[in-house]
Amino acid sequence: MNQPDGDAPAIEGRSITCGYDGRDVLHALDLTVRHGAFVGVLGPNGSGKSTLLRALTGVLPLKTGHVALLGLSVRRGHRREIARRVGVVPQTSAAPFEFTAREIVAMGRTPHISRLHGESDHDRLAIESAMARTDTGDLGDRLISELSGGEAQRLIIARALAQEPELLLLDEPTAFLDLNHQIDVFELLRRLNRDEGLTVVCVSHDLNLASVYCDRLLLLDEGRIAADGPPSEVVTAQRIREVYGAEVLVDQETPSGRPRVTLLGGRN
Ligand code: ADP
Ligand code: MG
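Caption draft 1: Region of the structure containing the overall build of the protein. Counting its regular elements, the protein contains nine helices and twelve strands. Taken over the C-alpha trace, the protein has a radius of gyration of 19 Å; the compact-globule value for 268 residues is 18 Å, and the two agree within 12%. Dimensions of the protein along its principal axes, counting C-alpha atoms only, are 60 × 40 × 35 Å. Burial analysis of the protein (268 residues in total) assigns 49% to the buried set. Taking as baseline every contact in the protein between residues at least 6 positions apart, the subset at least 24 positions apart corresponds to 61%. By element, 50% of the accessible surface of the protein is carried by carbon and sulfur atoms, the whole surface being about 13,000 Å². The average position of the 30 basic charges and that of the 37 acidic charges among the side chains of the protein differ by 5 Å.

Caption draft 2: Inspection of the coordination of the magnesium ion (ligand 2) at higher detail. Distances from the magnesium ion (ligand 2) to its protein donors, Ser 50 (OG) and Gln 91 (OE1), fall at 2.1 to 2.5 Å. You can see Ser 50 sitting in helix α1 (residues 49-56) and its partner Gln 91 sitting in the loop between β6 (86-89) and α3 (101-106), a full 41 residues away along the chain. Given a relative accessible area of 14%, Ser 50 falls into the buried group.

Caption draft 3: Molecular detail of α1. With seven of eight residues buried, α1 lies mostly within the body of the structure. Those residues of α1 that sit buried are Lys 49, Ser 50, Thr 51, Leu 52, Leu 53, Ala 55 and Leu 56. Looking at the residues trailing α1, positive phi occurs at Gly 58, about 80°.

Caption draft 4: Broad picture of the sheet that holds strand β4 (residues 64-69). Here four strands make up an open sheet; going across it, the order is β2-β1-β4-β5 and the pairing antiparallel. Pairing within the sheet leaves two strands with one partner each, and these edge strands are β2 (23-33) and β5 (72-73). Taken together, the seven bridges between strand β1 (residues 11-20) and β2 define a ladder with antiparallel strand orientation. The partner of Gly 13 across the bridge, within β2, is Leu 31. Across the sheet, α1 is in contact with β1, β2 and β4; its angle to β1 comes to roughly 120°.

Caption draft 5: Region of the structure containing the site of ligand 1. If you check the shell around ligand 1, you find Tyr 20, Arg 23, Val 25, Pro 44, Asn 45, Gly 46, Ser 47, Gly 48, Lys 49, Ser 50, Thr 51 and Arg 54 and nothing else. One nitrogen or oxygen atom from the main chain of Gly 46 is found 2.7 Å from an oxygen atom belonging to ligand 1. Here an oxygen atom of ligand 1 sits 2.8 Å away from a polar atom, N or O, in the side chain of Lys 49. Across the complex, the protein chains shield 63% of the 560 Å² of accessible surface that ligand 1 would expose by itself. At the level of elements, β2 and α1 are the ones that each hand at least two residues to the shell around ligand 1. Sorting elements by how many residues they give to the shell around ligand 1 places α1 first, with four residues. Within the shell around ligand 1, the residues separate by chemical class into three nonpolar, six polar and three charged.

Caption draft 6: Representation of the environment of Leu 167. For Leu 167, the location among the structural elements is in strand β7 (residues 167-171). Of the residues examined, Leu 167 reaches a relative accessible area of 0% and is grouped as buried. Taking the C-alpha atoms as reference points, Leu 167 and Gly 197, 30 residues apart in sequence, are found 9.2 Å from one another. Not counting chain neighbours up to four residues away, the residues in contact with Leu 167 comprise Ala 10, Ile 11, Leu 69, Leu 70, Arg 85, Val 86, Gly 87, Leu 198 and Thr 199.

The rules we used
Residues numbered from 1 in each chain as written. Chains lettered and ligands numbered in written order. Predicted model: local features only at pLDDT ≥ 70, side-chain atom pairs only at ≥ 80, totals over all residues. Heavy atoms only, no water. Helix = DSSP H or I, 4+ residues; strand = E, 2+ residues; numbered from the N terminus. Rg over C-alpha atoms; globule rule 2.2 N^0.38 Å. Buried < 20%, exposed > 50% of the residue type's maximum accessible area, 1.4 Å probe, protein only. Contact = heavy atoms within 4.5 Å. Areas by Shrake-Rupley, 256 points an atom, 1.4 Å probe, with all protein chains shown as cover. Lys, Arg positive; Asp, Glu negative; His and termini not counted. Charge placed at Lys NZ, Arg CZ, Asp CG, Glu CD. Donors = N, O, S within 2.8 Å, 3.2 Å for Na, K, Ca; no water. Pairing = 2+ DSSP bridges. Axes fitted to C-alpha atoms, helices over the stretch in contact; angles between N-to-C directions. Near = heavy atom within 4 Å. Polar contact = N/O pair within 3.5 Å; in protein donor to acceptor, adjacent residues only side chain to side chain. Nonpolar A, V, L, I, M, F, W, Y, C, P; charged D, E, K, R; others polar.

Following this line, the structure appears as structure tokens:
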């Protein structure tokens, strides 16, 4: 994958403070993500995971701080170029129900499609490939209102892939999926990451899935970074107890070599 912006990391966030209605949710967060990384963002409900994604993508204005994606400052009029090169899968995608599955995926091409010439062969290939890779190819003419939550969710991922992004940010993309499709999504993200060099930042509430697939985990706690590093360092029983207030057993000697969390029940 080309890196036209020289040495700029995929994400550079400095001293990010932001929130809602005058209340700060993120407190002076620093975050750098290198090209080719596969980062999982974890943390309890309300710890600021979605807010962080909104801050990184410029949806939520910062109170202080600075964010650059692929070397492009999010604040400074790079919106169109960022829209072409950065894919976003938001947490809840209220789907506009009059659209067919293919139309939803085709929306991912919008920043690329020339108003003059319409959909090119390349656009069509990108749409087909995105649908094939997300196992949504046979949904083509179905209305999104008639799909299951899992099918709709895979379509939203397909829409982001159709865009052919260099950086993909996802907010709990497996939230409504059954176990098989959760694994499918993470397998797909891993393939895109390893084979195509896509940089992936994925919010998840699943400590085990994120530990297996991500190379780096960021654990948020009340708008601050409680831990940041490889899964084996971030996912420890003590840290889960501190951040989630839950008693767990963490096994580091697993077939995947990644930590595995077992709930023991009982909160402290
Ligand atoms: P997470 O994604 O980790 O569950 P969020 O980033 O959604 O957490 O929320 C962090 C905090 O910000 C919570 O206290 C939540 O209530 C608050 N919050 C989130 N979205 C909004 C919003 N649109 N308006 C006001 N407060 C919000
Ligand atoms: Mg969230």
